[in-house]
Amino acid sequence: MKIRLVKESWESVGCDALIMPVFEDEAEGDDLLVALDEKLGGLINELRSTQEWTSKAEQISVIYRPEKLKTARLILLGAGKKEDYDPHLIRSLVIAAVHKVKGDNLKTVAFYGRSQVESKRASRAAVEGLILATYEADDYKTKDKSKSSVEEILFVSNENLDVDEVETSMQRGEILANATNMARKLVNEPGNRVNPSRLAQAASEVAAKCGLEIEVWGEPELEDKGMGSILAVARGSDEPARFVILKHFGAPDSEDKPIVLVGKGVTFDSGGLSLKPAQSMEEMKGDKAGACAVLAAMQAIALLGVKKNVVGLIPAVENLPSGRAQRPGDVIRAMNGTTIEVINTDAEGRLILADALSYGQQLEAEFIVDIATLTGAVVVALGKLRAGIFCNNEELFERVSRASDQSGEKLWRLPLDDEYRKEIESSIADIKNVGNRWGGAITAAKFLQEFVGDVPWCHIDIAGVDLFKGEGSIKGPTGFGVRTLVEIVDQFE
Ligand code: BES
Ligand code: ZN
Ligand code: ZN
């Protein structure tokens, strides 16, 4: 993809589509409206006065072959009220605009930057939106496949701006959006295509392409390390577990402790012997979304050349019932020596994370962030807009909040009070893997907390936000978390 900043007037930009944001509260005599009207023979005034197009957010009108302009299409993009215009709105408006002209053979798409948001942030959001909009969850369609034709993205501005700064920001947007789309593609892979070994293979391919170091452990190494909790979950499947360690040495000479990112990689979650009902199983290929987010974030971190040491950990298993599967009531032993009574084999995510977090703690991490499609309870609590976060350290919480402000991926903090811990006390082992019915996302987080000790740690439960069945403009995997993880590691202004 070619990405360029074009410092000229929108009137003279030659492209296949020019996206022109127009505000609802743009006054009649405003320069832009006057200029647009002049170029379009009074059309804007007419559309607005007849209320055919009122510039409300996401109201889109496409003008083909405007005679006096060099673009083949002018996409009039309703941008809502000026005061609500921000980079996150730009990103989602651009996605809506590109979807509107889906199927048109667009090669060069331009976005006109309005002065309401500074060019650095607006250009990046527009690039992200344009690339995110090209994702299609149709890898396995043999007919009617839509292939994105976009080859070049232009950000048009005639403001006084720092070209290098804006171009760097646009490149960052490109890297982040490509990584997000990579995660979405991988999450979308069905269980018969991507099992733990294939997930590890995908990680190896990413590592080779972008210069990450990688180690992939199989069951012998997991036995050696005493990762009994991962092994117990994997027992039911014929597919062996894998543990993937990705390393980015961005500060090889520094004594700094590494930042550790951990992602739940259950390539299919049937529930195991505590079998899920059919309907709840339908989307369980998506139970590796945390792992995919970590892999994609590591890719972006490498490509951005972030000057920090970062380790990505992916415990990968398939959770199936069989004659070898772990049973409800079994007692297993995690890497840090904690014994766990497995009450419900469907609470498998926390079991594989237990060993991965213990390993992260052993690496003497500066801090650990884990991301997982962990509980149905978080979806009950927060619906499908915000992911739940849990954090044992205020400074890290601030850092994660700033990252979420940058990425636009919404989070909501849930509590970790000690009183909740008694829900996971077991009468026969150190802890059990489920609490009672209530506050299920919290008891899951309390369980994870047992494996991080005093290391600053944040847990992100993305069970409600990883997949959409077609609500709004997104269908399929969202890639939630990729951009936030990168911003957590590499704070960018
Ligand atoms: N993978 C699921 C959580 C999930 C639910 C993800 C819905 C995406 C959408 C997890 O492994 C699970 O099954 N959790 C159980 C825990 C329960 C047995 C305590 C749940 O939430 O029902
Ligand atoms: Zn489960
Ligand atoms: Zn699961």
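Residues take numbers from 1 onward in each chain, read along the sequence in its written order. Each chain gets a letter, beginning with A, and each ligand a number, beginning with 1, in the order they are written. Only residues with pLDDT of 70 or above have their local features reported here, since the model is predicted, and side-chain atom pairs are shown and tallied only from 80 upward, although totals for entire chains, interfaces and linings are computed over all residues. As a rule here, side-chain values cover all heavy atoms of the structure and leave hydrogens and water aside.

**Q** Which parts of the structure should I look at to understand the nonpolar core?
**A** Burial of nonpolar side chains together is a common tendency in soluble globular proteins. Think of a nonpolar core as a cluster: buried Ala, Val, Leu, Ile, Met, Phe, Trp, Tyr and Cys residues, connected wherever their side-chain atoms sit within 4.5 Å. Buried means the residue's accessible area, taken with a 1.4 Å probe over protein chains only, is under 20% of the maximum for its type, while exposed means over 50%, and partly exposed covers the values in between. Judged by nonpolar contacts, the single largest core of 57 residues is most densely connected at Leu261, Ile460 and Leu485. Counting residues per element, this core draws most heavily on helix 10 (residues 289-304), at 12 residues. Within the second largest apolar cluster, 50 residues are counted, among which are Ala334, Ala356, Val378 and Leu448. Numbering of helices and strands runs from the N terminus; a helix is a DSSP stretch of H or I covering at least four residues, while a strand is a stretch of E covering at least two.

**Q** What is the right way to look at empty space enclosed by the protein in this model?
**A** Take a probe with the size of a water molecule and roll it over the atoms, and the empty space left behind shows itself. Here a cavity means grid points, on a 1 Å grid over the protein atoms only, where a 1.4 Å probe fits yet cannot get out; a pocket means an open set of points with protein on both sides within 12 Å along at least five of seven lines; lining residues are those with an atom within 4 Å of a point. Grid points are joined across faces, edges and corners, and a volume is the space filled by probe spheres set on the points. Counting across every chain of the model gives 3 cavities of 30 Å³ or more. Taken together, 11 residues form the lining of the largest cavity, with Pro87, Arg121, Arg124, Ala125 and Gln406 sitting closest to its centre. Looking at the lining of the largest cavity, the elements with two or more residues in it are helix 3 (87-100) and helix 4 (119-133). The leading source of residues in the lining of the largest cavity is helix 4, at 5 residues. Of the pockets and cavities examined, the second largest cavity occupies roughly 40 Å³. Those elements that place two or more of their residues in the lining of the second largest cavity are helix 5 (163-188) and helix 10. Charged means Asp, Glu, Lys or Arg here, nonpolar means Ala, Val, Leu, Ile, Met, Phe, Trp, Tyr, Cys or Pro, and polar covers whatever is left, Gly included. Class assignment for the residues of the lining of the second largest cavity results in 6 nonpolar, 1 polar and 1 charged.

**Q** Teacher, can you tell me more about the coordination of the zinc ion (ligand 3) here?
**A** Coordination sphere of the zinc ion (ligand 3), protein contribution only: Lys264 (NZ), Asp269 (OD), Asp287 (OD) and Glu348 (OE), at 2.0 to 2.4 Å. In this structure, the zinc ion (ligand 3) is coordinated by 6 donor atoms arranged in octahedral fashion, with angles at the metal of 78 to 174 degrees. Only nitrogen, oxygen and sulfur atoms count as donors, using a 2.8 Å cut-off from the metal that widens to 3.2 Å for Na, K and Ca. Water is left out, so coordination shells may look unfilled. A separation of 3.2 Å is found between the zinc ion (ligand 3) and the zinc ion (ligand 2), which are bridged by Asp269. Here Lys264 is found in the loop between strand 9 (259-263) and strand 10 (265-269), whereas its partner Glu348 is found in the loop between strand 13 (339-341) and helix 11 (349-362), with 84 residues between them in sequence. As far as burial versus exposure is concerned, Lys264 and Glu348 are alike and both buried. For a four-donor site, all angles between 85 and 135 degrees give tetrahedral; for four or six donors, opposite pairs above 155 degrees with the remaining angles between 65 and 115 give square planar or octahedral; all remaining cases count as irregular.

**Q** Any chance you could explain the coordination of the zinc ion (ligand 2) here in plain terms?
**A** Tetrahedral metal sites with four donors have an ideal angle of 109.5 degrees; octahedral sites with six donors have ideal angles of 90 or 180 degrees. Distances from the zinc ion (ligand 2) to its protein donors, Asp269 (OD), Asp346 (O), Asp346 (OD) and Glu348 (OE), fall within 2.0 to 2.2 Å. Around the zinc ion (ligand 2), the 6 donor atoms are arranged such that angles at the metal cover 71 to 167 degrees; this shape is classified as irregular. Positions of the donor residues of the zinc ion (ligand 2), expressed as sequence spacing, correspond to D-x76-D-x1-E. For Asp269, a relative accessible area of 3% translates into the label buried. Relative accessible area serves as the criterion here: at 22%, Asp346 is assigned to the partly exposed category.

**Q** Quick question: what am I supposed to make of the environment of Thr108 here?
**A** Within the secondary structure layout, Thr108 lies in strand 5 (residues 108-112). With 93 residues separating them along the chain, Thr108 and Cys15 place their C-alpha atoms 5.2 Å apart. Discounting chain neighbours no more than four positions away, the residues touching Thr108 are Cys15, Asp16, Ala17, Glu152 and Leu154. Side-chain atoms alone can form a polar contact between residues adjacent in sequence; in general such a contact is a pair of N or O atoms within 3.5 Å, and within protein one must be able to donate a hydrogen while the other accepts it. A polar contact is formed between the side chain of Thr108 and the side chain of Glu152, at a distance of 3.5 Å. By the convention used here, residues are in contact when the closest approach between their heavy atoms is within 4.5 Å.

**Q** Explain the packing of aromatic side chains to me, please; I cannot follow it from the model alone.
**A** Aromatic ring pairs are reported here in terms of the distance separating the ring centres and the angle at which the planes meet. To pair, rings of Phe, Tyr and Trp, with the six-membered ring standing in for Trp, must have centres within 6.5 Å; the planes then decide the type, stacked if under 30 degrees apart, edge-to-face if over 60, and tilted in the middle. A complete count under the given rule lists 7 aromatic pairs for this structure. Taking 6.5 Å as the distance between ring centres and 65 degrees as the angle between the ring planes, the aromatic pair formed by Trp10 and Tyr112 counts as edge-to-face. Of this pair, Trp10 sits in the loop between strand 1 (2-6) and strand 2 (17-22) while Tyr112 sits in strand 5, placing them 102 residues apart in sequence. Every member of this aromatic cluster is reached through a ring pair, and the members are Trp217, Phe243 and Tyr359.

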